[in-house]
Amino acid sequence: GFNKADARIERQFDYRVELQAESRARATLRIRYSHQSPPSAQPCIRPPPATDTYDDMRGECYWDYVRIYTPEGSNLIAATGGIEHRIEEPENGYAVWGGFFELPRGQTREFKSEYWLPTGWLRADGESTYTFRWIKQPGTKIAAMRATIVIPDSFQIVGAYPPSTARTNSVLEYNLPTDRDTTIVVRVAPANRAVELAGIVLIGIALLVGV
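What comes next is a walk through the structure.

Cut-offs applied
The residue count restarts for each chain, going from 1 along the sequence in the order it is written. Per-residue local features are limited, in this predicted model, to residues with pLDDT of at least 70; the limit for side-chain atom pairs, both in listing and counting, is 80 or more; totals at the level of whole chains, interfaces and linings are taken over all residues. Only heavy atoms go into the side-chain values, all of them from the structure, while hydrogens and water stay out. Stacked, edge-to-face and tilted labels apply to pairs of Phe, Tyr and Trp rings (six-membered ring for Trp) whose centres lie within 6.5 Å, assigned for plane angles under 30 degrees, over 60, and everything in between, in that order. Only DSSP runs of H or I reaching four residues or more are called helices, and only runs of E reaching two or more are called strands; each is numbered from the N terminus. The rule is simple: take the accessible area with a 1.4 Å probe, protein chains only, and divide by the maximum for that residue type; under 20% is buried, over 50% is exposed, in between is partly exposed. Both a distance and an angle decide whether a charge sits over a ring: NZ of Lys or CZ of Arg must be within 6 Å of the ring centre and within 35 degrees of the ring normal. The term disulfide is used for any two cysteine sulfur atoms that are within 2.5 Å. Joining through side-chain atoms within 4.5 Å is the link that ties buried Ala, Val, Leu, Ile, Met, Phe, Trp, Tyr and Cys residues into a set, and such a set is a nonpolar core. Any two residues whose heavy atoms approach within 4.5 Å are treated as being in contact.

### Here's the deal with the packing of aromatic side chains
Phase 1: Using the criterion set out here, one finds ten aromatic pairs in the structure.
Phase 2: For the ring pair W97 and Y115, a centre distance of 5.2 Å and an interplane angle of 65 degrees mean the geometry is edge-to-face. Here the residue W97 occupies a position in strand β6 (residues 94-103), and Y115 occupies one in strand β7 (residues 108-116), the gap between them amounting to 18 residues. We note that W97, like Y115, is buried.
Phase 3: Grouped by ring-pair contacts, the aromatic residues Y33, Y62, F101 and F111 constitute a single cluster.
Phase 4: In this structure, R24 packs its charged tip against the face of W116, placed 3.7 Å from the ring centre.

Dropping the structure here:
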């Protein structure tokens, strides 16, 4: 808002979701804003004083109202970072909360939102799918985006698309491109069921190659 300072703002996103065996999922989203202009002893004045050039306007303080869109039915647990995190009316199938903040030149602020996702990711027949969709905000620059998906200890990963950047038995990590919308699909099953599914896949491969 109010000036051209957004051109000097770098953003970083860190999303972590912990899937739980009770068919619940707890998500944590961290957003970091860094103002790349040199620090200044001048206070942030709203509205900012008139300047002669766009470059001068880009060097002013940054004011923003940030909104976070999550699946409708999500419930905010806690929030930090000094913004209000006011819960708004649902919009086009999304739960929305947000707040206003200012960022002085040369400074960094991080906001964290913890929330429950809608229940029901776990299917009764054993194999379940979690889908995460990152929707890029139009007009924003490319930013760093990391996503971490944690599955319950009693489950195993059956498949994931696209392939993860790093992986253990219960954790998938992604470094995502933020110049486009991105969808991650993870299939999991209880440990004993995952072994059965792996056996079915191997039998299918053997039949295809004529073993």
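### Quick notes on the state of the cysteines
Phase 1: This model, assessed by the stated rule, comprises one disulfide.
Phase 2: The disulfide that involves C44 links it to C61, with 2.1 Å between the sulfurs. Here the S-S torsion is close to -85 degrees, and the disulfide linking C44 with C61 is therefore left-handed. With a gap of 17 residues between them, C44 in the loop between β2 (25-35) and α1 (54-58) and C61 in the loop between α1 and β3 (62-71) connect regions that are remote in the sequence.
Phase 3: Given the relative accessible area of 21%, C44 is considered partly exposed.

### Examining the nonpolar core
Phase 1: Y15, Y33, F132 and I149 are the most contacted members of the largest nonpolar core, which has 39 residues in total.
Phase 2: When sequence neighbours within four positions are dropped, the list of residues in contact with F132 reads Y15, M145, A147, L176, T182, T183 and I184.

### Focus: the side chain of T178
Phase 1: Its location among the elements puts T178 in the loop between β12 (171-175) and β13 (182-190).
Phase 2: Residue T178 is classed as buried on the basis of its relative accessible area, which comes to 5%.
Phase 3: Apart from the residues within four sequence positions on either side, T178 is in contact with W134, K136, I142, A143 and M145.

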